[in-house]
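In case you want the letters, here they are:
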Amino acid sequence: MTLPDALTGLAPEWRFQARGHHARPLRADEVPLLQALYDANPLYFEVVSGRPAWPGEAQEAFDDRPPPEMPYRDQECLGLFGPDGTLVGVTIVVRDMMAPGVWHVALFLLATGLHGSGLARALYQALEDWAVQGGAQWMRLGVVVGNTRAEHFWAGRGFAPVRLREHILSSDRTNLLRVMVKPLAGQPVPAYLVLVPRDRPETDLP
Ligand SMILES: CC(C)(COP(=O)(O)OP(=O)(O)OC[C@H]1O[C@@H](n2cnc3c(N)ncnc32)[C@H](O)[C@@H]1OP(=O)(O)O)[C@@H](O)C(=O)NCCC(=O)NCCS
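These figures come from a predicted structure and were not determined experimentally.

Engineer: So what's going on with the environment of His167? Which residues, and what values?
Structural biologist: Mapped onto the fold, His167 is located in strand β7 (residues 160-168). According to the relative accessible area criterion, His167 is partly exposed, its value standing at 35%. Ignoring any residue separated from it by four or fewer positions in sequence, one finds His167 in contact with Arg173, Thr174, Asn175 and Leu177.

Engineer: With reference to specific residues and values, describe the nonpolar core.
Structural biologist: If you look at the biggest cluster of nonpolar residues, it comprises 29 residues, and the most contacted ones within it are Phe16, Phe108, Leu123, Tyr124, Leu127, Met139 and Trp154. Listed by contribution, the elements that provide at least two residues to this core are β1 (16-18), β3 (74-81), β4 (87-95), β5 (102-110), α4 (119-133), β6 (138-144) and α5 (148-156). Per element, the largest residue contribution to this core is eight residues, and it comes from α4. If near-sequence neighbours (up to four positions away) are discounted, Leu123 is found in contact with Phe16, Ala18, His21, Leu80, Phe108 and Leu110.

Engineer: Pulling in residues and values, what's your account of the pattern of salt bridges?
Structural biologist: Two side chains with opposite charge may pair up if their charged atoms get near one another. Under the criterion given, the structure shown has eleven salt bridges. For Glu30, the salt bridge goes to Arg27, with nearest N and O atoms at 3.4 Å. According to the relative accessible area criterion, Glu30 is buried, its value standing at 6%. Between Asp199 and Arg140 there is a salt bridge whose closest N-O contact spans 2.7 Å. A residue pair is termed long-range when its members are at least 10 positions apart, and Asp199 in the segment after α6 (189-195) and Arg140 in strand β6 qualify at 59 residues. With relative accessibility at 0%, the residue Asp199 sits in the buried group. Among the ionic contacts, a cluster of salt bridges with common partners joins Arg15, Asp74, Glu76 and Arg95.

Parameters at a glance
One numbering rule holds for all chains: residues counted from 1, following each sequence as written. Per-residue local features are limited, in this predicted model, to residues with pLDDT of at least 70; the limit for side-chain atom pairs, both in listing and counting, is 80 or more; totals at the level of whole chains, interfaces and linings are taken over all residues. Based on all heavy atoms of the structure, the side-chain values leave hydrogens and waters out of the count. Under the DSSP-based scheme used, a helix requires at least four consecutive residues in state H or I and a strand at least two consecutive residues in state E, with every element numbered from the N terminus. Partly exposed describes any residue whose relative accessible area lies between the buried limit of under 20% and the exposed limit of over 50%, with all areas from a 1.4 Å probe on protein chains only and scaled to the type maximum. By definition in these notes, contact holds between two residues if any of their heavy atoms fall within 4.5 Å. By convention a nonpolar core is built from buried Ala, Val, Leu, Ile, Met, Phe, Trp, Tyr and Cys residues, the set being connected through side-chain atoms within 4.5 Å. One speaks of a salt bridge when a side-chain nitrogen belonging to Lys or Arg is within 4 Å of a carboxyl oxygen belonging to Asp or Glu.

Here is the structure:
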């Protein structure tokens with residue numbers, strides 16, 4: 001295990017930390033750990049797809065990239081690790097998606113036993129601070145309508161809804177996705193919609 005730097009408190013590969021937990025890129029050989037986390041915490045998968053995680057779910061999340069019509073700079077799948085090095089969550093962050101300065105949270109998931117503890121809020125705040133340091137001006141995400149806990153969580157973090165979109169899953173189920181945006185550099189949401197026409201409420205795209 002790499003030890004944190006005495007001055008910054010961050011080990012070289014750590015992206016951010018909060019409450020003794022840290023985020024670092026998951027390695028390809030750690031995908032089974034992610035699958036085990038999914039299997040032990042089926043709630044999210046039941047809410048969004050009506051069934052627990054399937055055996056290839058973690059690998060799919062690890063390999064998945066935005067579609068060609070959504071250009072981006074890079075993407076990181078970050079494990080969220082507890083003080084003892086246990087994987088307790090995951091977040092997938094896409095940098096400069098569709099426009100410079102737009103960062104996208106493709107997934108943010110914590111073990112169910114940690115929900116309501118304040119850890120998610122602390123870790124998301126640390127993620128956001130890291131993003132701002134990295135040049136993010138907007139944070140974007142899509143939340144499945146009906147994932148009530150997450151809808152409240154993101155609204156509480158200052159995200160504003162910009163449009164609804166249908167999202168077809170490989171399980172043949174279609175979810176309604178609420179695209180949400182948070183300004184990180186003090187600009188109003190209309191400025192974001194100039195930057196990213198795809199997210200305009202009236203834009204009719206597949
Ligand atoms: C989304 C997630 C990270 C939030 O972490 P958390 O610790 O559960 O969040 P919090 O407890 O701080 O906030 C949850 C909010 O939902 C509310 N809530 C919880 N259960 C609810 C319910 N059944 N109905 C309505 N509101 C509910 C809480 O009161 C809280 O609202 P508030 O901030 O206005 O007080 C966590 O729930 C999670 O990992 N979920 C599974 C993965 C997921 O859905 N990720 C988001 C999509 S990418």
